[in-house]
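Structural description and commentary
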Amino acid sequence: MRKIGLLLAIVSFIALSANARAFNICDYNHLPSYPSANSSMLLIIPRLTVETTLSNLTHPMKVSYWVSDEFFNVIDEGSLLKFNDCWVCEFSGKVSNFYGNCGPTPFRNSGQYRMYYTAKDFYKEIEFNKTVLVHSLGMASGVSVDANGNVKITVDAPTNSNEVWMTLFDAETGDIIQDFNRTNLEKTEYPGRYLMDINSLGTGTYYAAFGFRTDTMQAGGSVSKFEIKTKETELSVETDSDSYWLGEEVIISGQTKYDQVSAGVLLPSGRTESLGTKSVSNQQYSITFKLLNTYEEGNYVVTVNAGGASAQRSFSVDRVLQVSPAALTFLITNKTGILQKTVTVQNMGNTSVSLSASTEDITSYTTLTFDRTSISPGSSATLTVKVNPATLGSSKSGRVIVTGNSIVSVPVDVSLNLAAGDGEGAKIEINPGFWETDDCMVGVPLSPSFTVQNTGTGNLGGFGHSLSSDLDDITEVTLPSSSLSSGSFGSIELEVTPNKETISGWVKITSTGGQDTIYISLDCARDLTMDLNTMQSDVEYLKSEFLDAGFSEDSISSIFYTLDAEISDAMSDMNSGEYATGKASYQSAQTRYNTLGALISEIGSAPIQQADTSWVTWVVVIVVLVLLAFVGFILYKKFGSKLFGAKGGEEEAYEEELY
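The structure contained in this document is the topic of the report that follows. Since this is a predicted model, take the numbers as computed values, not measurements. (Residues numbered from 1 in each chain as written. Predicted model: local features only at pLDDT ≥ 70, side-chain atom pairs only at ≥ 80, totals over all residues. Heavy atoms only, no water.)

**Focus on unusual backbone geometry**
Trans peptide bonds make up the majority, and among non-glycine residues the majority have a negative phi. Definition in use: Numbering goes from the N terminus for both helices and strands, where a helix is a DSSP run of H or I of at least four residues and a strand is a run of E of at least two.
Note the cis peptide between S324 and P325, where omega equals 0°. The residue P325 is located in the loop between β25 (321-324) and β26 (327-332) in this model. For the bond from N431 to P432, the omega torsion is -5°, close enough to zero to count as cis. Within the element layout of this structure, P432 appears in the loop between β34 (428-431) and β35 (434-437). The phi angle at N38 is positive, at roughly 65°, despite the residue not being glycine.

**Some details on the state of the cysteines**
For clarity, the cut-off: The criterion for a disulfide is a pair of cysteine sulfur atoms lying within 2.5 Å. Only protein chains enter the accessibility calculation, which uses a 1.4 Å probe. A residue is then buried if its area is under 20% of the maximum for its type, exposed if over 50%, and partly exposed in between.
Within the structure shown, the criterion is met by one disulfide. A sulfur-sulfur separation of 2.1 Å characterises the disulfide bridge that pairs C440 with C524. Between C440 and C524 the sulfur-sulfur dihedral comes to about -95°; the bridge is accordingly left-handed. Of this pair, C440 sits in the loop between β35 and β36 (449-454) while C524 sits in the loop between β41 (514-523) and α2 (529-548), and the two are 84 residues apart along the sequence. Accessibility assignment for this pair places C440 and C524 in one class, buried.

**Section: the pattern of salt bridges**
Proximity of charged atoms lets side chains of opposite charge pair with each other. The test is simple: Any Lys or Arg side-chain nitrogen located within 4 Å of an Asp or Glu carboxyl oxygen qualifies as a salt bridge.
Applying the stated rule across the entire model yields 16 salt bridges. A salt bridge links R271 to D472, with the nearest nitrogen and oxygen atoms 4.0 Å apart. With a gap of 201 residues between them, R271 in the loop between β20 (260-266) and β21 (272-279) and D472 in the loop between β37 (464-467) and β38 (474-478) connect regions that are remote in the sequence. The class for R271 is buried, based on a relative accessible area of 16%. With a relative accessible area of 39%, D472 lands in the partly exposed category. A salt bridge links K543 to D564; the shortest N-O distance between them is 3.0 Å. Pair noted here: K543 is in helix α2 and D564 is in helix α3 (residues 553-575), with a separation of 21 residues, a long-range link. The class of K543 is buried, set by a relative accessible area of 17%. What emerges from the salt-bridge pattern is a single network uniting K152, D197, E238, D242 and R313.

**Quick notes on the environment of L368**
In plain terms, the rule: Contacts: residue pairs with any heavy atoms within 4.5 Å of one another.
Residue position: L368 is located in strand β29 (residues 366-370). Residue class for L368 comes out partly exposed when judged on its relative accessible area of 25%. Counting along the chain gives twelve residues from L368 to S356, while the straight-line C-alpha distance between them is 9.5 Å. With residues up to four places along the chain from it excluded, the contact list for L368 reads A357, S358, T359, L383, T384, V385 and V400.

**Structural notes on the packing of α3 against helix α4 (residues 579-603)**
Put simply, the rule is: Helix axes are fitted only over the stretch in contact, all axes being lines through C-alpha atoms; the angle between N-to-C directions runs from 0 to 180 degrees. Angular relationships are summarised with four words: roughly parallel below 35 degrees, roughly antiparallel beyond 145, roughly perpendicular across 65 to 115, and oblique for the angles in between. If you view the pair so one helix is near and one far, a crossing is left-handed when the near helix is turned anticlockwise from the far one by less than a right angle, and right-handed when it is turned clockwise. Residues were grouped as follows: Ala, Val, Leu, Ile, Met, Phe, Trp, Tyr, Cys and Pro as nonpolar; Asp, Glu, Lys and Arg as charged; and all remaining residues, including Gly, as polar.
Between α3 and α4, the least distance of the axes is 8 Å, while the angle of their chain directions is 155°. Of the possible angle classes, the one that applies to α3 and α4 is roughly antiparallel. When you trace α3 past α4, the crossing you get is left-handed. Contact with α3, carried on its side by I559, F560, T562, L563, E566, I567, D569, A570, D573 and M574, involves Y579, T581, G582, K583, S585, Y586, S588, A589, R592, Y593 and L596 of α4 and no other residues of that element. Its residues assigned to classes, the contact of α3 with α4 shows eleven nonpolar, five polar and five charged.

**Observations regarding a negative patch on the surface**
The criterion, for reference: Surface patches are drawn from residues lacking salt bridges whose relative accessible area is over 30%; two like charges belong together within 9 Å, two nonpolar side chains (Val, Leu, Ile, Met, Phe, Trp, Tyr) within 5 Å. Computed with the Shrake-Rupley method and a 1.4 Å probe, the accessible areas treat only the protein chains shown as cover for residues. Here the positive residues are Lys and Arg and the negative ones are Asp and Glu; neither His nor the chain ends is included. Charge placement uses NZ in Lys and CZ in Arg. For Asp and Glu, CG and CD serve respectively.
Among the surface-exposed residues, E436, D438, D439 and E578 lie close enough to one another that they form a single negatively charged patch. Among the secondary structure elements, E436 is positioned in strand β35. A relative accessible area of 58% means that E436 is categorised as exposed.

**Topic: the side chain of T403**
Examined against the element boundaries, T403 turns out to sit in strand β32 (residues 396-404). Apart from residues no more than four positions distant in its own chain, T403 is found in contact with L321, S354, L355, S356, V408 and S409.

**Structural notes on the sheet that holds strand β30 (residues 374-375)**
Stated precisely, the cut-off is as follows: Two strands make a pair as long as DSSP finds a minimum of two bridges between them.
Read across the sheet, five strands follow the order β26-β33-β32-β28-β30 without closing on themselves; strand pairing throughout is mixed. Of all strands in the sheet, those with a lone pairing partner are β26 and β30, marking the two edges. As judged from the six bridges shared by strand β28 (residues 353-360) and β32, these two strands associate in the antiparallel manner. Note that in β32 the partner of E360 across the bridge is R399.

The structure is reproduced here in structure tokens:
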């Protein structure tokens with residue numbers, strides 16, 4: 001009976017039945033209290049207290065969650081891992097220096113959500129929920145630990161924040177170590193940026209929860225996880241500075257007892273730049289990382305791995321030169337005239353910068369002139385770009401490169417659009433203006449096409465394009481090769497090879513009839529073949545653990561039926577190019593696998609013993625014998641003299657005759 005009851009409890013738990021009961025809970029926390037969209041988040045639920053008629057305390061064996069949006073649509077579900085006396089769930093965001101055990105955060109957009117939690121033991125199930133307000137404003141945070149256990153924290157909050165705080169938690173106990181407010185965070189010269197050094201923490205694993213609030217009551221935050229090892233660490237990592245300008249080189253160095261190290265850098269966009277594998281000499285290594293001018297500003301995290309050890313270091317990156325505008329468009333209707341536009345170049349650094357400029361692809365048509373070639377910190381210069389289109393045969397696009405101190409450079413996109421006929425009456429319109437899909441996979445090319453229409457009165461021509469800095473996934477843009485008359489259509493084709501799971505940005509199309517923009521948002525799956533094969537092997541091992549716990553083959557087949565089907569569906573979908581449904585099946589299978597894994601951990605791998613019923617047989621035998629003896633005694637007392645008395649007298653007389 002115990003075995004059957006346990007099987008029913010497992011099946012009903014996985015089904016997440018909705019029969020809730022009244023309960024009391026000691027505490028539960030979202031960290032931070034006001035998360036931002038796409039930000040990392042920590043959920044801690046301590047031991048539940050449930051009042052029953054049998055006992056004051058009932059300890060749940062599993063806690064799961066699901067999330068609904070304001071329209072009551074379920075957008076995410078999963079289970080929490082048991083850790084000491086708490087159930088803990090780490091959600092990772094796009095920009096984070098740790099990756100959560102519950103997967104990406106379900107809060108992709110700002111708004112009001114509701115998180116439901118379900119606790120289940122063998123006898124009952126309870127359910128409770130909490131409203132979560134998710135804000136659109138985000139923040140970036142980075143935590144690095146050196147070889148001596150010193151912690152350096154960098155926080156980038158919105159510039160209009162009036163409160164910035166951080167709370168430290170012990171990841172092993174869940175205890176709050178210390179609360180910090182704005183006065184404890186050292187404000188830097190950059191708006192919204194704060195720094196902190198902590199040298200008093202001992203070895204262990206910690207969570208740092210960050211938060212902020214603005215004058216308009218907007219709020220948000222994120223969570224970072226970091227580890228402090230002993231001073232005799234196997235691996236250390238340092239950078240030659242805490243902050244750099246785009247265009248500079250970062251020197252990454254450290255010590256290790258291993259022969260080789262591998263390294264990578266996490267960019268603010270969430271993309272990781274691999275630095276490959278380097279050899280170690282005399283327990284020392286050094287790696288040079290070039291900050292390309294196409295990279296973004298923000299917080300960077302370098303991770304070095306060697307053997308089984310891992311070490312991280314964060315640093316900030318800014319642009320020493322800011323240019324405005326970042327793009328120039330010249331509409332050329334008369335080849336005999338000289339056109340000119342200006343660009344403002346500002347020094348954002350703390351030292352003087354010498355300026356120079358050059359062109360790409362439009363050199364024979366342009367002349368560049370600075371009003372000053374050296375600018376002090378905070379000051380600016382004006383760059384005049386003159387265009388002589390006398391020999392321009394067709395529209396051209398190129399760049400003006402503004403360089404500071406011959407090291408850092410900033411590009412300015414330039415389009416020379418040659419009007420076709422009465423081009424000033426033309427007007428460009430692109431449809432659709434937004435491309436969003438999740439049916440894609442990293443590394444698999446896509447070829448979307450868009451319709452361009454001339455909705456004006458003149459001829460539309462002189463097509464050109466520019467890309468936002470984070471769209472390096474687009475390898476080719478094909479534009480109409482001839483002009484379009486009023487009301488006519490053409491096509492624009494893109495060649496896109498996703499190199500990361502989440503892609504967003506814009507493609508700006510310029511023409512003699514103005515410009516229009518295609519906004520791009522992709523949520524792709526990565527190649528899950530290896531993950532699915534590994535999960536399939538892990539499931540077989542998990543089945544063996546259930547066998548060791550005393551379950552029969554039939555009951556195991558019933559328990560794992562849905563999980564096996566989801567893995568099979570995910571493999572089939574990925575192989576047939578149904579990436580979105582394949583990714584969804586994989587995520588559902590991962591959640592179900594975690595649920596079963598955590599459940600068997602609670603049960604333990606010791607076999608469930610069948611009840612010893614042999615004593616029942618002996619008790620029955622003894623009872624029967626006692627009853628027979630009792631009945632015999634009653635019969636003897638009642639009928640013995642009648643049944644045996646005469647016979648006894650005859651025997652005595654017979655014995656007397658013998659003598």
